[in-house]
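Residue-level structural notes
One-letter residues, chain by chain:
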Amino acid sequence: MAVTVADPEPGAPQLPARTRRFPRAWLLRLAVALASGFAYYLSFAPRPLWWLAPLAFAGFALVLRGRRFRGGFGYGFAFGFVFFLPLLTWLLDFLGPDFGPWPWLGLSFALALYYGLAGGLITLVWRLPAGPLWAALVFIALETPRAWFPFGGFPWGRVAFSQPEGAFLPLASIGGAPLVGLAVVLTGFCLAAFAGRLWDARRFTRPTVLAAVGTLVPVVAGLALWPTIGTGAQDGELTVATVQGNAPDIGLALQGERALLRRNTIAESQRLLDAVHAGKVAKPDLLVWPESATTVNGPDPQVDQLVASFGVPALIGALYELPDGHIQNSVIAWDPRTGPGQRYAKQQLVPFGEYVPARKVAELVTPFLDQETVDMLPGDGSNSALAVAGTKVGVFVCYETAFDYPARDAARAGAELLVVPTNNAWYGPGEMSRQQLAMSRLRAVEHGRAVVVSAVSGVSAIVAPDGSVTSSTGLFTAESLVGRVPLRTQTTLSDQLGAWTEYGLLALAIAGVAGGLVLRFRTRRGSAGTAAGEAAD
(Lines give C-alpha, C1' and ligand atoms only; values in the text may rest on other atoms or scores of the structure.)
Protein backbone atom coordinates (compact mmCIF):
# COMPACT_ATOMS: atom_id res chain seq x y z
CA MET A 1 0.00 0.00 0.00
CA ALA A 2 1.53 3.36 -1.01
CA VAL A 3 1.37 6.11 1.60
CA THR A 4 2.26 9.73 0.85
CA VAL A 5 3.73 11.33 3.97
CA ALA A 6 2.48 14.92 4.27
CA ASP A 7 1.01 17.21 6.86
CA PRO A 8 -2.62 16.17 7.46
CA GLU A 9 -3.69 19.61 8.55
CA PRO A 10 -2.99 23.15 7.31
CA GLY A 11 -0.54 25.05 9.49
CA ALA A 12 1.44 22.03 10.67
CA PRO A 13 5.18 21.84 9.96
CA GLN A 14 5.51 20.69 6.38
CA LEU A 15 7.11 17.34 5.73
CA PRO A 16 8.70 16.65 2.36
CA ALA A 17 6.32 14.60 0.27
CA ARG A 18 7.75 11.19 -0.39
CA THR A 19 6.24 7.84 -1.04
CA ARG A 20 6.93 4.85 1.17
CA ARG A 21 5.40 1.49 1.60
CA PHE A 22 3.97 0.51 4.97
CA PRO A 23 1.45 -2.22 5.72
CA ARG A 24 -0.63 0.40 7.55
CA ALA A 25 0.84 3.65 8.86
CA TRP A 26 -1.58 3.88 11.80
CA LEU A 27 -0.72 0.34 12.87
CA LEU A 28 2.98 1.20 12.98
CA ARG A 29 2.24 4.32 15.03
CA LEU A 30 0.09 2.28 17.42
CA ALA A 31 2.89 -0.27 17.85
CA VAL A 32 5.35 2.52 18.68
CA ALA A 33 2.89 4.07 21.16
CA LEU A 34 2.43 0.72 22.91
CA ALA A 35 6.15 0.01 22.98
CA SER A 36 6.85 3.49 24.35
CA GLY A 37 4.22 3.08 27.08
CA PHE A 38 5.74 -0.22 28.17
CA ALA A 39 9.25 1.28 28.13
CA TYR A 40 7.91 4.03 30.38
CA TYR A 41 6.65 1.37 32.81
CA LEU A 42 10.08 -0.28 32.80
CA SER A 43 11.63 3.00 33.98
CA PHE A 44 9.86 2.62 37.36
CA ALA A 45 11.11 0.82 40.47
CA PRO A 46 12.25 -1.78 41.27
CA ARG A 47 14.31 -1.35 38.07
CA PRO A 48 17.01 1.37 38.14
CA LEU A 49 16.20 2.36 34.54
CA TRP A 50 15.31 6.03 35.09
CA TRP A 51 16.87 6.96 31.73
CA LEU A 52 14.21 4.94 29.89
CA ALA A 53 11.53 7.51 30.76
CA PRO A 54 12.75 10.33 28.46
CA LEU A 55 13.31 7.79 25.67
CA ALA A 56 9.73 6.56 26.11
CA PHE A 57 8.42 10.13 25.80
CA ALA A 58 10.54 10.63 22.70
CA GLY A 59 8.81 7.65 21.09
CA PHE A 60 5.43 8.96 22.21
CA ALA A 61 6.11 12.39 20.69
CA LEU A 62 7.18 10.88 17.36
CA VAL A 63 3.86 9.04 17.21
CA LEU A 64 1.93 12.29 17.81
CA ARG A 65 3.86 14.27 15.21
CA GLY A 66 1.48 15.67 12.61
CA ARG A 67 -1.65 14.07 14.13
CA ARG A 68 -5.05 15.61 14.69
CA PHE A 69 -6.69 15.78 18.13
CA ARG A 70 -8.59 12.52 17.67
CA GLY A 71 -5.50 10.59 16.62
CA GLY A 72 -3.48 12.14 19.46
CA PHE A 73 -6.15 11.09 21.95
CA GLY A 74 -6.15 7.51 20.70
CA TYR A 75 -2.37 7.12 20.72
CA GLY A 76 -2.14 8.84 24.10
CA PHE A 77 -4.70 6.46 25.54
CA ALA A 78 -2.82 3.45 24.15
CA PHE A 79 0.45 4.77 25.62
CA GLY A 80 -1.19 5.26 29.02
CA PHE A 81 -3.15 2.00 29.13
CA VAL A 82 -0.13 -0.19 28.40
CA PHE A 83 1.77 1.78 31.07
CA PHE A 84 -0.80 1.55 33.87
CA LEU A 85 -1.77 -2.09 33.37
CA PRO A 86 1.58 -3.57 34.48
CA LEU A 87 2.30 -0.74 36.93
CA LEU A 88 -0.87 -1.51 38.93
CA THR A 89 -0.89 -5.32 38.88
CA TRP A 90 -0.51 -5.26 42.67
CA LEU A 91 -4.20 -4.31 42.81
CA LEU A 92 -4.96 -7.93 41.95
CA ASP A 93 -3.17 -9.06 45.12
CA PHE A 94 -4.95 -6.40 47.14
CA LEU A 95 -8.49 -7.22 46.04
CA GLY A 96 -8.16 -10.97 45.61
CA PRO A 97 -10.20 -13.36 43.44
CA ASP A 98 -13.59 -12.17 44.74
CA PHE A 99 -13.29 -8.96 42.73
CA GLY A 100 -11.65 -10.36 39.62
CA PRO A 101 -9.64 -8.11 37.28
CA TRP A 102 -12.31 -5.46 36.78
CA PRO A 103 -11.18 -2.85 39.33
CA TRP A 104 -7.61 -3.13 38.01
CA LEU A 105 -8.76 -2.81 34.40
CA GLY A 106 -11.23 -0.04 35.24
CA LEU A 107 -8.71 2.09 37.11
CA SER A 108 -6.08 1.61 34.39
CA PHE A 109 -8.68 2.63 31.80
CA ALA A 110 -9.69 5.75 33.75
CA LEU A 111 -6.10 6.87 34.27
CA ALA A 112 -5.23 6.23 30.61
CA LEU A 113 -7.96 8.71 29.64
CA TYR A 114 -5.79 11.45 31.13
CA TYR A 115 -2.97 10.38 28.83
CA GLY A 116 -5.41 10.34 25.94
CA LEU A 117 -6.44 13.91 26.70
CA ALA A 118 -2.77 14.87 26.97
CA GLY A 119 -2.07 13.31 23.57
CA GLY A 120 -4.94 15.20 21.99
CA LEU A 121 -3.97 18.56 23.50
CA ILE A 122 -0.33 18.08 22.57
CA THR A 123 -1.36 18.06 18.91
CA LEU A 124 -2.70 21.61 19.47
CA VAL A 125 0.35 23.11 21.16
CA TRP A 126 3.11 21.35 19.21
CA ARG A 127 2.64 23.84 16.34
CA LEU A 128 3.43 26.80 18.62
CA PRO A 129 6.94 28.24 18.84
CA ALA A 130 8.90 26.09 21.34
CA GLY A 131 6.31 23.37 20.74
CA PRO A 132 8.09 20.62 22.77
CA LEU A 133 8.08 22.86 25.85
CA TRP A 134 4.35 23.59 25.55
CA ALA A 135 3.69 19.88 24.97
CA ALA A 136 5.67 18.91 28.08
CA LEU A 137 3.77 21.52 30.12
CA VAL A 138 0.46 20.04 28.95
CA PHE A 139 1.46 16.50 29.90
CA ILE A 140 2.66 17.49 33.38
CA ALA A 141 -0.31 19.82 33.95
CA LEU A 142 -2.70 16.89 33.59
CA GLU A 143 -1.05 15.23 36.57
CA THR A 144 -2.69 17.89 38.74
CA PRO A 145 -6.35 16.92 38.16
CA ARG A 146 -5.28 13.28 38.36
CA ALA A 147 -4.42 14.02 42.00
CA TRP A 148 -8.06 15.13 42.48
CA PHE A 149 -10.13 12.66 40.46
CA PRO A 150 -11.26 9.86 40.49
CA PHE A 151 -12.01 9.02 44.11
CA GLY A 152 -10.07 11.89 45.64
CA GLY A 153 -7.17 11.46 43.25
CA PHE A 154 -4.73 8.74 42.32
CA PRO A 155 -1.31 10.23 41.42
CA TRP A 156 0.43 6.85 41.28
CA GLY A 157 2.70 6.69 38.24
CA ARG A 158 3.58 10.39 38.10
CA VAL A 159 6.57 11.02 35.87
CA ALA A 160 8.76 12.16 38.77
CA PHE A 161 8.27 8.84 40.56
CA SER A 162 10.35 7.14 37.87
CA GLN A 163 13.35 9.22 39.00
CA PRO A 164 14.51 8.15 42.51
CA GLU A 165 18.06 8.42 41.19
CA GLY A 166 19.84 9.78 38.14
CA ALA A 167 20.34 13.11 36.43
CA PHE A 168 16.90 14.67 37.02
CA LEU A 169 16.48 13.95 40.75
CA PRO A 170 18.25 17.10 42.10
CA LEU A 171 15.61 19.26 40.40
CA ALA A 172 13.21 18.08 43.12
CA SER A 173 14.94 20.45 45.55
CA ILE A 174 14.03 23.38 43.28
CA GLY A 175 10.52 22.62 42.03
CA GLY A 176 9.50 19.32 43.57
CA ALA A 177 7.88 16.48 41.68
CA PRO A 178 6.29 18.79 39.04
CA LEU A 179 9.66 20.19 37.92
CA VAL A 180 11.31 16.76 37.84
CA GLY A 181 8.47 15.45 35.69
CA LEU A 182 8.62 18.45 33.37
CA ALA A 183 12.37 17.95 32.87
CA VAL A 184 11.94 14.27 31.96
CA VAL A 185 9.12 14.87 29.47
CA LEU A 186 10.79 17.94 27.95
CA THR A 187 14.00 15.98 27.37
CA GLY A 188 12.07 13.26 25.54
CA PHE A 189 9.97 15.66 23.48
CA CYS A 190 13.00 17.75 22.46
CA LEU A 191 14.81 14.56 21.49
CA ALA A 192 11.88 13.65 19.26
CA ALA A 193 11.84 17.14 17.74
CA PHE A 194 15.57 16.94 17.08
CA ALA A 195 15.26 13.56 15.38
CA GLY A 196 12.23 14.62 13.35
CA ARG A 197 13.70 17.89 12.13
CA LEU A 198 17.03 16.30 11.30
CA TRP A 199 15.21 13.64 9.28
CA ASP A 200 13.13 16.24 7.44
CA ALA A 201 15.96 18.61 6.54
CA ARG A 202 18.84 16.10 6.39
CA ARG A 203 21.05 18.85 7.83
CA PHE A 204 21.48 20.94 10.97
CA THR A 205 19.10 23.88 10.76
CA ARG A 206 18.45 26.44 13.51
CA PRO A 207 15.31 24.61 14.75
CA THR A 208 17.30 21.35 14.81
CA VAL A 209 20.03 22.92 16.92
CA LEU A 210 17.46 24.44 19.31
CA ALA A 211 15.83 21.04 19.74
CA ALA A 212 19.23 19.52 20.55
CA VAL A 213 19.84 22.24 23.14
CA GLY A 214 16.41 21.62 24.64
CA THR A 215 17.30 17.94 24.99
CA LEU A 216 20.48 18.70 26.91
CA VAL A 217 19.43 21.59 29.15
CA PRO A 218 17.28 19.61 31.67
CA VAL A 219 19.95 16.91 31.97
CA VAL A 220 22.77 19.42 32.46
CA ALA A 221 20.70 21.44 34.94
CA GLY A 222 20.00 18.35 37.02
CA LEU A 223 23.62 17.22 37.03
CA ALA A 224 24.81 20.73 37.92
CA LEU A 225 22.54 20.75 40.98
CA TRP A 226 23.93 17.55 42.51
CA PRO A 227 26.67 19.39 44.48
CA THR A 228 24.00 21.59 46.09
CA ILE A 229 22.12 18.64 47.64
CA GLY A 230 23.04 18.82 51.32
CA THR A 231 23.30 15.63 53.35
CA GLY A 232 25.15 16.74 56.47
CA ALA A 233 23.62 17.20 59.91
CA GLN A 234 22.61 20.78 60.77
CA ASP A 235 21.09 20.15 64.20
CA GLY A 236 22.80 16.98 65.35
CA GLU A 237 21.94 13.38 64.55
CA LEU A 238 19.42 10.83 65.75
CA THR A 239 19.63 7.06 66.03
CA VAL A 240 16.32 5.70 64.77
CA ALA A 241 15.02 2.14 65.01
CA THR A 242 12.13 0.92 62.89
CA VAL A 243 10.33 -2.34 63.58
CA GLN A 244 8.95 -4.58 60.83
CA GLY A 245 6.84 -7.30 62.45
CA ASN A 246 5.65 -8.90 59.18
CA ALA A 247 2.17 -10.06 58.13
CA PRO A 248 0.56 -12.80 56.06
CA ASP A 249 0.15 -12.17 52.32
CA ILE A 250 -3.66 -12.24 52.21
CA GLY A 251 -4.70 -8.90 50.69
CA LEU A 252 -7.95 -7.40 51.98
CA ALA A 253 -8.39 -10.29 54.40
CA LEU A 254 -5.69 -8.59 56.48
CA GLN A 255 -8.55 -6.46 57.83
CA GLY A 256 -9.40 -9.31 60.18
CA GLU A 257 -5.84 -9.87 61.40
CA ARG A 258 -5.30 -6.77 63.53
CA ALA A 259 -4.39 -8.82 66.59
CA LEU A 260 -1.77 -10.74 64.61
CA LEU A 261 -0.16 -7.52 63.37
CA ARG A 262 0.09 -6.28 66.94
CA ARG A 263 1.58 -9.55 68.22
CA ASN A 264 4.14 -9.64 65.42
CA THR A 265 5.18 -6.03 65.96
CA ILE A 266 5.54 -6.50 69.70
CA ALA A 267 7.52 -9.71 69.20
CA GLU A 268 9.96 -8.05 66.78
CA SER A 269 10.23 -5.06 69.13
CA GLN A 270 11.19 -7.43 71.93
CA ARG A 271 13.85 -9.08 69.75
CA LEU A 272 15.23 -5.65 68.97
CA LEU A 273 15.24 -4.75 72.67
CA ASP A 274 17.14 -7.94 73.49
CA ALA A 275 19.69 -7.09 70.78
CA VAL A 276 20.10 -3.59 72.26
CA HIS A 277 20.62 -4.99 75.76
CA ALA A 278 23.13 -7.50 74.38
CA GLY A 279 25.09 -4.70 72.74
CA LYS A 280 24.52 -6.10 69.24
CA VAL A 281 22.91 -2.88 67.98
CA ALA A 282 23.04 0.70 69.17
CA LYS A 283 20.38 1.95 71.53
CA PRO A 284 17.98 4.10 69.52
CA ASP A 285 16.91 7.63 70.36
CA LEU A 286 13.55 7.02 68.68
CA LEU A 287 11.52 3.86 68.05
CA VAL A 288 9.14 3.74 65.07
CA TRP A 289 6.27 1.32 64.50
CA PRO A 290 4.62 0.91 61.08
CA GLU A 291 1.16 1.97 60.01
CA SER A 292 -1.79 0.36 61.84
CA ALA A 293 0.46 -1.91 63.90
CA THR A 294 -2.04 -1.81 66.75
CA THR A 295 -5.43 -0.43 67.77
CA VAL A 296 -5.72 2.19 70.49
CA ASN A 297 -9.08 2.73 72.17
CA GLY A 298 -7.96 3.48 75.70
CA PRO A 299 -5.04 2.82 78.04
CA ASP A 300 -2.53 0.29 76.67
CA PRO A 301 -0.31 -1.07 79.46
CA GLN A 302 1.53 -3.45 77.10
CA VAL A 303 2.71 -0.67 74.78
CA ASP A 304 3.43 1.52 77.83
CA GLN A 305 5.69 -1.16 79.26
CA LEU A 306 7.45 -1.88 75.96
CA VAL A 307 8.25 1.79 75.29
CA ALA A 308 9.36 2.23 78.89
CA SER A 309 11.69 -0.78 78.50
CA PHE A 310 13.41 0.94 75.58
CA GLY A 311 13.59 4.12 77.64
CA VAL A 312 13.15 6.31 74.56
CA PRO A 313 10.12 7.88 72.87
CA ALA A 314 8.30 6.05 70.11
CA LEU A 315 6.08 6.83 67.14
CA ILE A 316 3.32 4.23 67.23
CA GLY A 317 1.30 3.58 64.07
CA ALA A 318 -2.20 2.81 65.28
CA LEU A 319 -5.87 2.76 64.42
CA TYR A 320 -7.13 5.30 66.94
CA GLU A 321 -10.72 5.02 68.12
CA LEU A 322 -12.40 8.38 68.75
CA PRO A 323 -14.97 8.82 71.54
CA ASP A 324 -17.80 8.66 69.00
CA GLY A 325 -16.58 5.28 67.73
CA HIS A 326 -15.02 6.47 64.47
CA ILE A 327 -11.50 5.38 63.56
CA GLN A 328 -8.55 7.47 62.41
CA ASN A 329 -5.37 6.02 60.93
CA SER A 330 -2.89 7.70 63.25
CA VAL A 331 0.69 8.01 64.42
CA ILE A 332 1.00 8.64 68.16
CA ALA A 333 4.02 10.12 69.94
CA TRP A 334 4.49 7.77 72.92
CA ASP A 335 6.65 8.93 75.80
CA PRO A 336 8.41 6.26 77.93
CA ARG A 337 7.19 7.94 81.12
CA THR A 338 3.92 9.70 80.34
CA GLY A 339 2.53 7.48 77.57
CA PRO A 340 0.59 8.69 74.49
CA GLY A 341 0.76 12.36 73.56
CA GLN A 342 0.52 14.25 70.27
CA ARG A 343 -1.17 12.44 67.41
CA TYR A 344 -1.12 12.85 63.62
CA ALA A 345 -4.11 11.48 61.68
CA LYS A 346 -3.77 10.44 58.05
CA GLN A 347 -5.39 13.00 55.74
CA GLN A 348 -5.38 11.26 52.35
CA LEU A 349 -7.29 8.02 52.82
CA VAL A 350 -7.15 5.08 50.44
CA PRO A 351 -10.42 4.73 48.47
CA PHE A 352 -12.02 1.30 48.94
CA GLY A 353 -9.38 0.48 51.55
CA GLU A 354 -10.03 3.06 54.28
CA TYR A 355 -13.27 4.53 53.00
CA VAL A 356 -15.75 3.68 50.26
CA PRO A 357 -16.66 6.38 47.71
CA ALA A 358 -20.19 6.21 46.34
CA ARG A 359 -20.99 3.58 48.95
CA LYS A 360 -24.59 2.92 47.83
CA VAL A 361 -23.45 2.14 44.30
CA ALA A 362 -20.46 0.13 45.47
CA GLU A 363 -22.65 -2.06 47.67
CA LEU A 364 -24.36 -3.38 44.54
CA VAL A 365 -21.16 -4.82 43.08
CA THR A 366 -18.72 -5.20 45.97
CA PRO A 367 -18.75 -8.33 48.14
CA PHE A 368 -16.35 -6.63 50.56
CA LEU A 369 -19.14 -4.31 51.66
CA ASP A 370 -21.29 -7.22 52.75
CA GLN A 371 -19.16 -7.08 55.87
CA GLU A 372 -19.90 -4.30 58.30
CA THR A 373 -17.21 -1.93 57.10
CA VAL A 374 -16.98 1.58 58.52
CA ASP A 375 -15.32 4.49 56.78
CA MET A 376 -12.32 5.97 58.56
CA LEU A 377 -12.22 9.70 59.21
CA PRO A 378 -9.44 11.77 57.62
CA GLY A 379 -7.25 14.00 59.72
CA ASP A 380 -7.18 17.79 59.50
CA GLY A 381 -3.42 18.14 58.93
CA SER A 382 -2.60 19.22 62.48
CA ASN A 383 0.53 17.82 64.16
CA SER A 384 2.20 16.94 60.85
CA ALA A 385 5.48 17.70 62.66
CA LEU A 386 5.47 15.92 66.02
CA ALA A 387 7.71 17.14 68.85
CA VAL A 388 9.55 13.98 69.89
CA ALA A 389 13.06 12.84 70.87
CA GLY A 390 14.25 16.42 71.24
CA THR A 391 13.39 17.41 67.67
CA LYS A 392 10.46 17.71 65.29
CA VAL A 393 9.63 14.69 63.17
CA GLY A 394 7.41 15.09 60.12
CA VAL A 395 4.93 12.28 59.56
CA PHE A 396 2.97 11.26 56.48
CA VAL A 397 1.37 7.85 56.18
CA CYS A 398 1.68 5.30 53.34
CA TYR A 399 -0.58 6.50 50.47
CA GLU A 400 0.17 10.12 51.36
CA THR A 401 3.68 9.66 49.93
CA ALA A 402 2.17 10.00 46.44
CA PHE A 403 0.75 13.46 47.22
CA ASP A 404 2.89 16.58 47.47
CA TYR A 405 1.25 18.42 50.35
CA PRO A 406 1.66 16.12 53.42
CA ALA A 407 5.48 16.00 53.38
CA ARG A 408 5.68 19.66 52.33
CA ASP A 409 3.44 20.73 55.21
CA ALA A 410 5.58 18.75 57.64
CA ALA A 411 8.83 20.30 56.38
CA ARG A 412 7.36 23.80 56.50
CA ALA A 413 6.17 23.11 60.07
CA GLY A 414 9.80 22.64 61.13
CA ALA A 415 10.36 18.90 60.76
CA GLU A 416 14.05 17.97 60.78
CA LEU A 417 13.40 14.33 59.89
CA LEU A 418 10.60 12.65 57.92
CA VAL A 419 9.00 9.33 58.90
CA VAL A 420 6.67 7.29 56.68
CA PRO A 421 4.77 4.49 58.50
CA THR A 422 3.19 2.20 55.91
CA ASN A 423 1.31 -1.07 55.59
CA ASN A 424 2.00 -2.57 52.17
CA ALA A 425 1.19 -6.11 53.28
CA TRP A 426 -2.19 -5.58 51.59
CA TYR A 427 -0.56 -5.49 48.17
CA GLY A 428 1.36 -8.74 47.99
CA PRO A 429 4.95 -9.46 46.93
CA GLY A 430 4.81 -7.41 43.73
CA GLU A 431 6.33 -4.04 42.90
CA MET A 432 4.08 -1.77 44.92
CA SER A 433 6.34 -1.50 48.00
CA ARG A 434 9.37 -0.55 45.94
CA GLN A 435 7.34 1.87 43.84
CA GLN A 436 6.36 3.60 47.07
CA LEU A 437 9.94 3.59 48.35
CA ALA A 438 10.96 5.41 45.15
CA MET A 439 8.47 8.15 46.07
CA SER A 440 10.02 8.48 49.54
CA ARG A 441 13.47 8.80 47.94
CA LEU A 442 12.16 11.66 45.80
CA ARG A 443 10.64 13.31 48.90
CA ALA A 444 14.01 13.16 50.68
CA VAL A 445 15.62 15.34 47.99
CA GLU A 446 12.54 17.51 47.56
CA HIS A 447 12.61 18.51 51.23
CA GLY A 448 16.30 18.04 52.07
CA ARG A 449 15.53 15.59 54.88
CA ALA A 450 16.41 12.02 55.77
CA VAL A 451 13.38 9.74 55.48
CA VAL A 452 12.65 6.65 57.57
CA VAL A 453 10.16 4.24 56.00
CA SER A 454 8.60 1.87 58.54
CA ALA A 455 6.60 -0.92 56.88
CA VAL A 456 4.53 -3.73 58.35
CA SER A 457 5.95 -6.31 55.93
CA GLY A 458 8.55 -4.35 53.93
CA VAL A 459 10.16 -2.58 52.34
CA SER A 460 11.36 -0.62 55.40
CA ALA A 461 14.29 1.68 54.69
CA ILE A 462 16.47 4.51 55.91
CA VAL A 463 16.93 7.09 53.15
CA ALA A 464 19.58 9.81 53.18
CA PRO A 465 18.70 13.41 52.19
CA ASP A 466 20.19 12.79 48.72
CA GLY A 467 17.71 9.96 48.09
CA SER A 468 20.19 7.12 48.55
CA VAL A 469 19.06 4.10 50.57
CA THR A 470 21.49 3.46 53.42
CA SER A 471 19.74 0.30 54.66
CA SER A 472 16.56 -1.61 53.89
CA THR A 473 14.66 -4.80 54.67
CA GLY A 474 13.20 -7.50 52.45
CA LEU A 475 9.55 -8.20 51.77
CA PHE A 476 7.45 -10.36 54.10
CA THR A 477 10.16 -10.80 56.70
CA ALA A 478 10.38 -9.88 60.37
CA GLU A 479 13.29 -7.45 60.67
CA SER A 480 14.40 -4.26 62.36
CA LEU A 481 16.60 -1.43 61.17
CA VAL A 482 18.73 0.80 63.36
CA GLY A 483 20.53 3.72 61.75
CA ARG A 484 21.96 7.16 62.39
CA VAL A 485 20.26 9.98 60.49
CA PRO A 486 21.10 13.68 60.15
CA LEU A 487 18.70 16.32 61.42
CA ARG A 488 18.41 19.16 58.93
CA THR A 489 16.83 22.59 59.20
CA GLN A 490 17.53 24.21 55.82
CA THR A 491 14.40 24.82 53.77
CA THR A 492 14.62 23.89 50.10
CA LEU A 493 13.47 26.24 47.36
CA SER A 494 10.83 23.62 46.55
CA ASP A 495 9.33 24.04 50.03
CA GLN A 496 9.51 27.83 49.81
CA LEU A 497 7.67 27.86 46.49
CA GLY A 498 5.19 25.26 47.66
CA ALA A 499 2.25 24.56 45.37
CA TRP A 500 3.01 27.67 43.28
CA THR A 501 5.33 25.59 41.10
CA GLU A 502 2.58 23.14 40.23
CA TYR A 503 -0.09 25.77 39.66
CA GLY A 504 2.29 27.96 37.68
CA LEU A 505 3.02 25.09 35.29
CA LEU A 506 -0.72 24.40 35.07
CA ALA A 507 -1.43 28.04 34.17
CA LEU A 508 1.25 27.99 31.47
CA ALA A 509 -0.22 24.80 30.02
CA ILE A 510 -3.70 26.35 29.88
CA ALA A 511 -2.24 29.41 28.14
CA GLY A 512 -0.48 27.12 25.67
CA VAL A 513 -3.68 25.23 24.83
CA ALA A 514 -5.49 28.56 24.34
CA GLY A 515 -2.71 29.70 22.01
CA GLY A 516 -2.88 26.44 20.10
CA LEU A 517 -6.61 26.83 19.59
CA VAL A 518 -6.17 30.41 18.34
CA LEU A 519 -3.46 29.29 15.93
CA ARG A 520 -5.61 26.46 14.60
CA PHE A 521 -8.60 28.78 14.16
CA ARG A 522 -6.53 31.36 12.27
CA THR A 523 -4.94 28.68 10.10
CA ARG A 524 -8.29 27.23 9.13
CA ARG A 525 -9.74 30.69 8.55
CA GLY A 526 -6.80 31.61 6.35
CA SER A 527 -7.07 28.36 4.41
CA ALA A 528 -10.81 28.92 3.90
CA GLY A 529 -10.16 32.48 2.68
CA THR A 530 -7.50 31.28 0.23
CA ALA A 531 -9.79 28.57 -1.10
CA ALA A 532 -12.62 31.08 -1.56
CA GLY A 533 -10.33 33.48 -3.43
CA GLU A 534 -9.14 30.74 -5.77
CA ALA A 535 -12.74 29.74 -6.45
CA ALA A 536 -13.65 33.35 -7.31
CA ASP A 537 -10.73 33.56 -9.73
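Residues numbered from 1 in each chain as written. Predicted model: local features only at pLDDT ≥ 70, side-chain atom pairs only at ≥ 80, totals over all residues. Heavy atoms only, no water.

**Quick look at unusual backbone geometry**
- In this structure, P150 follows F149 across a cis peptide bond, with omega equal to 5 degrees.
- Looking at where P150 falls in the secondary structure, it is placed in the loop between α7 (143–146) and α8 (172–201).
- Following G458, the chain continues to V459 via a peptide bond in cis, the omega torsion being 0 degrees.
- Among the structural elements, V459 can be located in the loop between β12 (451–455) and β13 (461–463).
- Backbone geometry places S292, a non-glycine residue, at a positive phi of 50 degrees.
- With respect to the helices and strands, S292 occurs in the loop between β4 (286–288) and β5 (294–296).
- Residue class for S292 comes out buried when judged on its relative accessible area of 5%.
- Phi angles above zero are rare outside glycine, and C398 is one such case at about 45 degrees.
- Along the polypeptide, C398 turns up in the loop between β10 (391–395) and α13 (404–412).
- On the accessibility criterion, C398 (4% relative accessible area) is buried. (Helix = DSSP H or I, 4+ residues; strand = E, 2+ residues; numbered from the N terminus. Buried < 20%, exposed > 50% of the residue type's maximum accessible area, 1.4 Å probe, protein only.)

**Some thoughts on the packing of helix α10 (residues 258–277) against helix α11 (residues 301–310)**
- Contact geometry of α10 with α11 gives a least axis separation of 10 Å together with a crossing angle of 20 degrees. Taken together, the axes of α10 and α11 lie roughly parallel to each other. α10 and α11 meet at a crossing whose hand is left-handed. Residues R262, I266, S269, Q270, L272, L273 and H277 of α10 pack against Q302, V303, L306, S309 and F310 of α11.
- Within the contact of α10 with α11, the residues separate by chemical class into six nonpolar, five polar and one charged. (Axes fitted to C-alpha atoms, helices over the stretch in contact; angles between N-to-C directions. Parallel < 35°, antiparallel > 145°, perpendicular 65-115°, else oblique. Left-handed = near helix turned anticlockwise from the far one by under 90°. Contact = heavy atoms within 4.5 Å. Nonpolar A, V, L, I, M, F, W, Y, C, P; charged D, E, K, R; others polar.)

**Looking at the packing of aromatic side chains**
- This model, assessed by the stated rule, comprises 28 aromatic pairs.
- Taking 5.3 Å as the distance between ring centres and 55 degrees as the angle between the ring planes, the aromatic pair formed by W90 and W156 counts as tilted. Pair noted here: W90 is in helix α4 (residues 90–95) and W156 is in the loop between α7 and α8, with a separation of 66 residues, a long-range link. Each member of the pair W90 and W156 is classed as buried.
- Between Y399 and F403 the ring centres are 5.2 Å apart and the planes differ by 75 degrees, which places this aromatic pair in the edge-to-face class. Each member of the pair Y399 and F403 is classed as buried. (Phe/Tyr/Trp six-rings, centres within 6.5 Å; stacked < 30°, edge-to-face > 60°.)

These figures capture arrangement, not role.
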